[in-house]
Amino acid sequence: MTAPPAAAAPPERQPGWFLALFALSAAGGAVAYVPLLTVLLPQRIAEMQGGEDVAALAQVTFLGAVMASLANIAVGWLSDRSRTRRPWILAGLLASNLLLLAVGEAESVAQVVVLVMVWQVALNLMLSPLMAWAGDCFPDAQKGILGGALALAPALGALAGSLVTYVGLVDPDARLPVVAGLVSALVLPAVLLGKGRVRPALVAPVPPASARARQSGVVARMWAARLLVQVAEGGMFAFLLYWLRSLAPGFPENAAANVFSVVLVASVPLSLWLGRWTDRRGRPVRPLAASAVLCAVGMLTMAAAQGLAQAVAGYVLFGLAAAVFLALHSSQTLRVLALPQHRGRDLGLFNLTNTVPGMVMPWLTVLLVPRFGYAGLFLLFAALSLASAVLLATARPRA
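Note that this is a predicted model, so its numbers are computed, not measured.

Counting its secondary structure elements, the protein contains 14 helices and zero strands. The C-alpha radius of gyration of the protein comes to 21 Å, within 12% of the 21 Å expected for a compact globule of 399 residues. The principal-axis extents of the C-alpha atoms in the protein amount to approximately 80 × 45 × 35 Å. Expressed as a percentage of its 399 residues, the buried residues of the protein come to 50%.

The next point concerns helix 5 (residues 143-150). Every α-helical turn comprises 3.6 residues, leaving residues that sit three or four positions apart pointing alike. Taking burial as the measure, the eight residues of helix 5 include eight buried ones, the bulk of the element. If you check which residues of helix 5 are buried, you get Lys143, Gly144, Ile145, Leu146, Gly147, Gly148, Ala149 and Leu150.

Moving on, we get to the nonpolar core. Formed by 70 residues in total, the largest nonpolar core has its most connected members in Phe22, Leu36, Met126, Phe138, Leu146, Val183 and Leu392. With 15 residues, helix 4 (residues 109-137) is the single largest residue contributor to this core. Among all residues touching Phe22, those that are not within four sequence positions of it are Leu130, Trp133, Ala134, Phe138, Leu146, Leu150 and Ala190. Counting 40 residues, the second-largest nonpolar core is a separate cluster that includes Ala151, Leu241, Phe251 and Ala311.

With that settled, consider unusual backbone geometry. Even without glycine at this site, Arg83 takes up a positive phi of about 60°. Examined against the element boundaries, Arg83 turns out to sit in the loop between helix 2 (54-82) and helix 3 (86-105).

Before going further, it helps to spend a moment on the environment of Ala290. Checked against the element boundaries, Ala290 lands in helix 12 (residues 286-303). With a relative accessible area of 40%, Ala290 lands in the partly exposed category. Separated by 35 residues in sequence, Ala290 and Phe325 have C-alpha atoms that sit 8.7 Å apart.

The subject of this paragraph is helix 13 (residues 308-336). Compared with the 42 Å implied by 1.5 Å per residue over 29 residues, the 41 Å span of helix 13 between its first and last C-alpha is a close match. A maximum bend of about 30° is found in helix 13 at Ser330.

The next subject is the packing of aromatic side chains. Aromatic rings considered in pairs are described by the distance between their centres and by the relative angle of their planes. Summed over the entire model, instances satisfying the criterion amount to seven aromatic pairs. When the ring of Phe18 is compared with that of Trp133, the centres are 5.5 Å apart and the planes differ by 80°; the resulting orientation is edge-to-face. Of this pair, Phe18 sits in helix 1 (residues 16-49) while Trp133 sits in helix 4, and the two are 115 residues apart along the sequence. Residue classification places Trp133 among the buried positions, given a relative accessible area of 1%. With centroids separated by 5.6 Å and ring planes inclined at 15°, the aromatic side chains of Phe18 and Phe138 adopt a geometry described as stacked. Note that Phe18 is positioned in helix 1 and Phe138 in the loop between helix 4 and helix 5, a separation of 120 residues in sequence.

Turning our eyes to something else, we now look at the pattern of salt bridges. According to the stated counting rule, one finds five salt bridges in the structure shown. A salt bridge links Arg343 to Asp136; the nearest nitrogen and oxygen atoms lie 2.6 Å apart. Taken together, the positions of Arg343 in helix 14 (residues 343-393) and Asp136 in helix 4 put the pair 207 residues apart, joining distant regions of the chain. Owing to a relative accessible area of 5%, Arg343 belongs among the buried residues under this scheme. The exposure class of Asp136 is buried, given its relative accessible area of 5%. The residue Lys143 makes a salt bridge to Asp140 at a minimum N-O spacing of 2.9 Å. With a relative accessible area of 21%, Asp140 lands in the partly exposed category.

What follows covers a nonpolar patch on the surface. A grouping of Trp17, Leu90, Leu192 and Leu193 is seen on the molecular surface, where their side chains present a nonpolar patch of about 400 Å² in accessible area. Here Leu90 falls in the partly exposed class, since its relative accessible area comes to 33%.

The rules we used
- Residues numbered from 1 in each chain as written.
- Predicted model: local features only at pLDDT ≥ 70, side-chain atom pairs only at ≥ 80, totals over all residues.
- Heavy atoms only, no water.
- Helix = DSSP H or I, 4+ residues; strand = E, 2+ residues; numbered from the N terminus.
- Rg over C-alpha atoms; globule rule 2.2 N^0.38 Å.
- Buried < 20%, exposed > 50% of the residue type's maximum accessible area, 1.4 Å probe, protein only.
- Core = buried A, V, L, I, M, F, W, Y, C linked by side-chain atoms within 4.5 Å.
- Contact = heavy atoms within 4.5 Å.
- Expected span 1.5 Å × (residues − 1).
- Bend = angle between axes of the 7 residues up to and from the residue.
- Phe/Tyr/Trp six-rings, centres within 6.5 Å; stacked < 30°, edge-to-face > 60°.
- Salt bridge = Lys/Arg side-chain N within 4 Å of Asp/Glu carboxyl O.
- Patch = residues over 30% accessible without salt bridge, like charges linked within 9 Å, V, L, I, M, F, W, Y side chains within 5 Å.
- Areas by Shrake-Rupley, 256 points an atom, 1.4 Å probe, with all protein chains shown as cover.

It is worth stressing that arrangement in space is one thing and function is another; only the former is reported here.
If you want it as structure tokens, here you go:
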């Protein structure tokens, strides 16, 4: 009798140094866009217009999000076809840094709009293959701790925004060059030292029929679940200050920014701990569902808040849960995408859950807040978060 073939050995785990460098490279992506889109771009438009111009900022943001969505899918597909990621990342880093510097030299709002649109393409030339590269390198046994490490990205993005705008620390004319330098310092080490990190078993093509059997509908559930939480998170990111001032008039801008930054920084060790727990227990979805439930609890607390203390407490709970959810979800998405030969393209489709909320949230808020107040908006967000938890709790991802 012929002995059955031995089971294929699982892909080799990545060393800790590469995990750390990859986490820093992902954080470099956040440093590339968070300071520009949240602080430096509005300031630049205000300088050229002689005051705040909400319409111009909305135009730049919307068109930039459209370009980011399309570019992420297209570049992901191209990196799949080329069967390499690192050259794309390096090209995107160079192009996005040059365009970032060009934004500072723009002489009109029209130039800013065009430059930001092209910059979004260049940025996604770096970001899209970077995340696909993670799927090529990190086995399922490390997906949890990888997700925990990815929580570093939004935290460093927020801290970079505070750093370059801190009064007296960085000259206003040097802010964009400093951002470009920080991005390069964070991204380059992983890319330059990461040669040979791809695991052949993780990039071996899988027949589409086999992939459909392995996915069993979980991809659609993961996509929808992230979209629902992102709508809530995006809404709070955009309107946190306005809501706090509705409860406590005169609430300072820097206090809101400090709360936001503290939440993101605190989410890093929590995400790392939960990610390690996920890897050890083999429960990739359970922390995601629990985090979505806590998002809803935080939103309900905020909807019922009558004073500043309760409001901030509710936001801290929501913000921590949302940050953990988004970080862990990013890595577990790599687990459920069962076609390695189309990993970049498929991650681009998942990236729509990051960009679409930014396009619809302003309109949703304009429709709801005047009629139902912020409490009505938060109740909607709580319902979306609970729906996300249900989708995840009933999912059956492959092992």
